[in-house]
Structure formats: C-alpha cells, structure tokens
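Residues per chain, in single letters:
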Amino acid sequence: MTTVLACDPGTLRRGACPSLATPMRTGDGFLVRLRPVAVALTADDLLALSDLARETGNGLIEITARGNIQLRGLTLGTVPRLAEGLEAAGIVPQTGVAIETPALSGIDPSEIADATPIADALRNVIADVALTLAPKLAIVVDGGGVLSLADMVADIRLDAVETNDAVAWRLSAGGDRETAQPIALLSSETVVEGAMTVVAALAAAGAGTRGRDLDAEALVARFNMPALPLAGIIPTHPIGVHRIDGAPVLGVSPAYGQMHADRLAALVRSLSSCGATEFRLAPHRTLLVRGLSEAALAAAQDAAQREGFWCTNRAPGRSISVCAGAAGCASASFDTHAAADALVAHAAEWLDGTVDVHVSGCPKGCAHPARAAVTLCGTADGVGLVVNGKASDPALVTVPADGLVPAIQRLGALSRNRRNNRETAKSLIDRTAPALFVSAYQGQQ
Ligand code: SF4
C-alpha cells in the first residue's frame with residue numbers, strides 16, 4: 001500500500017488533525033494519530049503497534065484524552081512503512097469524521113441502547129456525501145451504560161433516552177450531555193437522517209463551523225420535535241475495575257497517557273499471561289482489558305503497575321495533561337513529566353479531578369489545546385503560570401525552570417492553607433484572586 005500525503009505535513013496548521021495521510025510536525029518529528037476501526041484489539045495488534053512505533057518512530061506511544069493512539073517521532077520517510085505495517089497487521093485506521101461511542105457499547109447490559117449501529121450508519125452516510133466539514137469535527141453517539149460519554153464535548157451529540165415504550169435519541173449540538181443545545185428527540189428510524197440535517201447545516205455554514213456556532217433555535221424549529229435538556233451525570237472514570245455481566249474489565253492508563261513501546265509490549269505479554277483476551281481504547285487515556293478472571297485480577301493490576309500504568313481512578317496524576325516535554329520534543333524548554341511528578345508529590349490538593357491541569361513544554365499546547373484551570377507552560381524565559389486559559393495565553397507570572405519545583409511546592413501550600421473543609425480545587429480556584437497565585441508562584445506568599 002502506498003501512503004499518499006494529503007497535504008504538506010510541514011505546514012499542517014493548528015486545528016487540523018494529524019493522521020496517517022496528514023502527519024503533523026512536532027518537536028520530536030512527525031506525529032500520527034489513529035483510531036483502529038476494530039473496537040476490540042488483540043494482544044497481537046498491540047504488539048504489532050509497539051513494533052511499528054519502534055521501527056518507524058522514536059518508540060513513544062500515547063493514548064489521547066479521546067482514546068486515540070498517537071505514534072511519535074516519525075519521519076516523512078517512515079510514514080509509508082507505518083502504513084504498510086498496519087495493513088500487514090490487519091489494523092485498519094478510521095478515516096473521515098470522528099464518531100465516538102462508549103468503549104463498552106454493545107456488550108454493556110446497563111446501556112440504554114447500543115450506539116455502534118447508529119454510529120456506523122452515520123459514518124457511512126457522511127462518507128457518501130461530499131461535504132467539507134471542520135477538520136476537528138466530532139460526533140458522539142452515547143447509548144449510556146457504565147462508561148457513558150456524558151462528559152465528552154462534541155459538535156453533534158446523540159444521547160439515548162428511555163421513553164415510555166421505546167428508545168429515543170436526543171439530538172443536540174455544541175457541548176457535553178448537559179451543556180449541548182437540545183435540537184430534537186428522534187426515533188431510532190429517523191436519528192441518522194436527523195443528525196445529517198445538522199451535519200449539512202455545519203457544512204453549509206462554512207468549513208470551519210463548529211456545533212457551538214450553529215443557530216440552535218432555527219434547527220429546533222426545523223425539526224419541530226422538541227427535546228429537553230438532559231441532566232448532567234458524572235460518568236464512571238474508565239481507569240479501574242468495572243464489571244460486565246459479572247466479569248471484570250480492568251481499565252489501565254499509561255502515566256500521563258504516554259509510554260514507550262517496550263512498556264506496552266511488556267504490559268500486553270504480562271496481561272495475556274493473566275488471561276487477557278481483548279483490549280479496547282477508551283477516553284481519559286485508558287486501555288480496557290477484558291478476559292481476566294476475578295482470581296487473576298490482582299496479578300494483572302500488579303503487572304500493570306510494574307510497567308508504569310495507573311490502575312485506579314484515584315491516581316492524582318490523571319488530572320494532569322502532559323505533552324512529551326524535553327524528553328521527547330525539541331520545542332520543549334523543560335521536563336514536563338518531572339513537573340507533573342512534582343505536582344503529584346507537592347500539590348496533590350489541586351488534583352482532585354474537579355479541574356484540568358496542563359503541563360506544556362511550549363505555548364503550542366499539544367496535550368490540551370483547550371483552556372485548563374491551571375497551566376504550566378515553558379517559554380524562553382522559564383515556566384509560566386496560566387490560570388483558566390490556554391498554554392498560548394499570557395502567563396500571570398513566570399519563574400526560571402530551575403525554580404519550578406519550589407514554585408509548585410508553594411502552590412501546594414497555598415491550597416492547604418486556604419482550602420475550606422471538603423472544598424474542591426475548582427471552588428478554590430474560582431474564589432481565589434489571581435494576585436494570590438502570582439505571589440505564591442513567585443515566592444512572595
Ligand atoms: S506542546 Fe509539548 S509536544 Fe507540543 S510542540 Fe510544544 S513541547 Fe512539543
């Protein structure tokens with residue numbers, strides 16, 4: 001198979017999505033993001049991916065917040081070899097618009113509906129029509145269940161809801177389950193056609209249009225099948241142990257979403273010897289493992305921890321988004337992973353899961369393009385602190401890189417000194433004046 005690069009990857013702009021056809025230049029070479037068509041991966045699939053990451057890149061593999069795989073450190077010369085290797089291994093990457101479904105769709109008895117057939121039908125219809133859509137357009141089809149995607153923001157959402165005598169789908173735009181604008185309540189028979197009405201509206205409004213930009217009122221009037229807002233729910237975090245039909249499913253995450261291919265291969269071999277038969281990619285940088293018996297669960301968790309994977313959703317580091325940093329990217333001005341470890345060690349109070357914390361080697365902000373409650377961002381002058389902003393936003397204050405750990409220690413002390421009993425990190429940030437962050441970070445507390 002010959003891979004044709006769809007654009008000059010060196011000029012791939014922010015906002016576009018890196019893929020096999022359009023790898024993205026980063027500080028450590030080219031990055032390819034892919035999501036296999038197959039929901040369930042085998043041990044051989046993951047071992048093949050590990051081999052290809054070493055052969056064609058620098059061996060670093062990431063699982064993203066939306067559950068995609070990223071291989072890093074490729075060159076334009078090795079991308080075609082990656083494509084060949086994937087084909088030889090029978091791993092087919094998805095193409096086209098990203099359509100997300102819960103990782104346990106179709107096998108979870110607690111789900112309201114299996115989202116997979118709706119997602120597949122929608123994917124096929126979109127592929128058949130030549131529409132120009134925003135490169136990062138995302139659609140969520142959420143049938144509910146243990147690992148619902150209630151907290152995943154999308155341009156278009158389809159949420160299964162139970163009505164008196166059947167399952168219906170709430171169509172909404174521009175947000176998560178709670179914040180998206182309700183548009184219509186559709187039957188299973190009309191849901192794909194209804195979603196395509198919104199897809200067409202996005203295309204008609206221009207290639208960069210996102211769900212949040214749509215005139216929701218006009219769409220509601222067009223359907224005349226009103227839908228109510230849905231209550232927000234806090235979905236179960238995929239890291240940890242879940243049970244499907246009584247059988248354990250173990251969610252593990254590489255620390256900060258990144259691992260070397262050697263670690264992934266070692267993990268897969270260890271888990272296979274514990275009985276693992278199937279692996280599923282899931283949001284929050286998680287790999288779900290099926291096939292383990294109750295008796296083998298503890299051994300599987302021990303093996304994952306030995307290889308540097310988190311097995312519990314109480315791991316404080318799961319609140320931190322970290323890019324490759326100085327260990328893997330020439331654009332980074334400091335060791336982002338060491339900084340994340342320092343946050344865990346000295347400022348864990350900020351990591352209670354109620355806010356996003358972002359550690360970025362440079363203002364590009366690869367690991368968390370959106371705003372985060374707290375961002376530490378490397379620049380030529382040191383490491384800047386951004387509160388409620390993006391890595392590219394102006395820092396409130398900057399400290400030299402060699403003064404970062406003491407600055408993190410002071411941020412931790414700020415939290416411990418000012419936090420009320422049981423107060424969340426989000427609440428503390430919301431009521432804390434920026435000047436207090438500046439003085440703590442600078443050492444003038
Ligand atoms: S954000 Fe991180 S990974 Fe992205 S270019 Fe900057 S240093 Fe490299």
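Residues numbered from 1 in each chain as written. Predicted model: local features only at pLDDT ≥ 70, side-chain atom pairs only at ≥ 80, totals over all residues. Heavy atoms only, no water.

### A few points about the domain arrangement of the protein
For the protein, the assigned domains read domain 1 (9–96 + 238–314), domain 2 (104–223) and domain 3 (317–442). On a C-alpha basis, the centroid separation for the pair domain 1 and domain 3 is 27 Å. On the side of domain 3, 18 residues touch domain 1, which itself brings 14 residues to the contact. Of the roughly 1,300 Å² buried between domain 1 and domain 3, counting both surfaces, carbon and sulfur atoms make up 51%. Taken together, the links from domain 1 to domain 3 amount to zero salt bridges. Counting the contacts that link domain 1 with domain 3 gives five residue pairs in polar contact (both at pLDDT 80 or more). Considered class by class, the residues forming the side of domain 1 that touches domain 3 number four nonpolar, four polar and six charged. (Domains from an automatic or database assignment. Contact = heavy atoms within 4.5 Å. Buried area = accessible area lost by both parts, 1.4 Å probe. Salt bridge = Lys/Arg side-chain N within 4 Å of Asp/Glu carboxyl O. Polar contact = N/O pair within 3.5 Å; in protein donor to acceptor, adjacent residues only side chain to side chain. Nonpolar A, V, L, I, M, F, W, Y, C, P; charged D, E, K, R; others polar.)

### Describing the side chain of Arg157
Looking at the secondary structure, you find Arg157 in strand 7 (residues 154–162). Its relative accessible area of 0% is what places Arg157 among the buried residues. Within polar-contact distance, the side chain of Arg157 engages the side chain of Asp142 at 3.4 Å. Those residues in contact with Arg157 that sit more than four places away from it in its chain are Val140, Asp142, Leu149, Ala150, Met152, Arg170, Leu171, Ser172, Gly175, Asp176, Arg177 and Ala180. (Helix = DSSP H or I, 4+ residues; strand = E, 2+ residues; numbered from the N terminus. Buried < 20%, exposed > 50% of the residue type's maximum accessible area, 1.4 Å probe, protein only.)

### Observations regarding the pairing of strand 7
Of all nine residues in strand 7, eight are buried, a share of seventy percent or more. Relative to strand 7, strand 6 (residues 138–142) runs parallel, the two being bridged by four bridges. Looking at the pairing, Val141 lines up with Leu158 of strand 7. In this structure, strand 7 lies alongside strand 8 (residues 167–175), joined through eight bridges in antiparallel fashion. In the strand pairing of strand 8, Val161 is matched with Ala168. Linkage of strand 7 to strand 8, two consecutive antiparallel strands, is achieved through a turn of four residues. (Pairing = 2+ DSSP bridges.)

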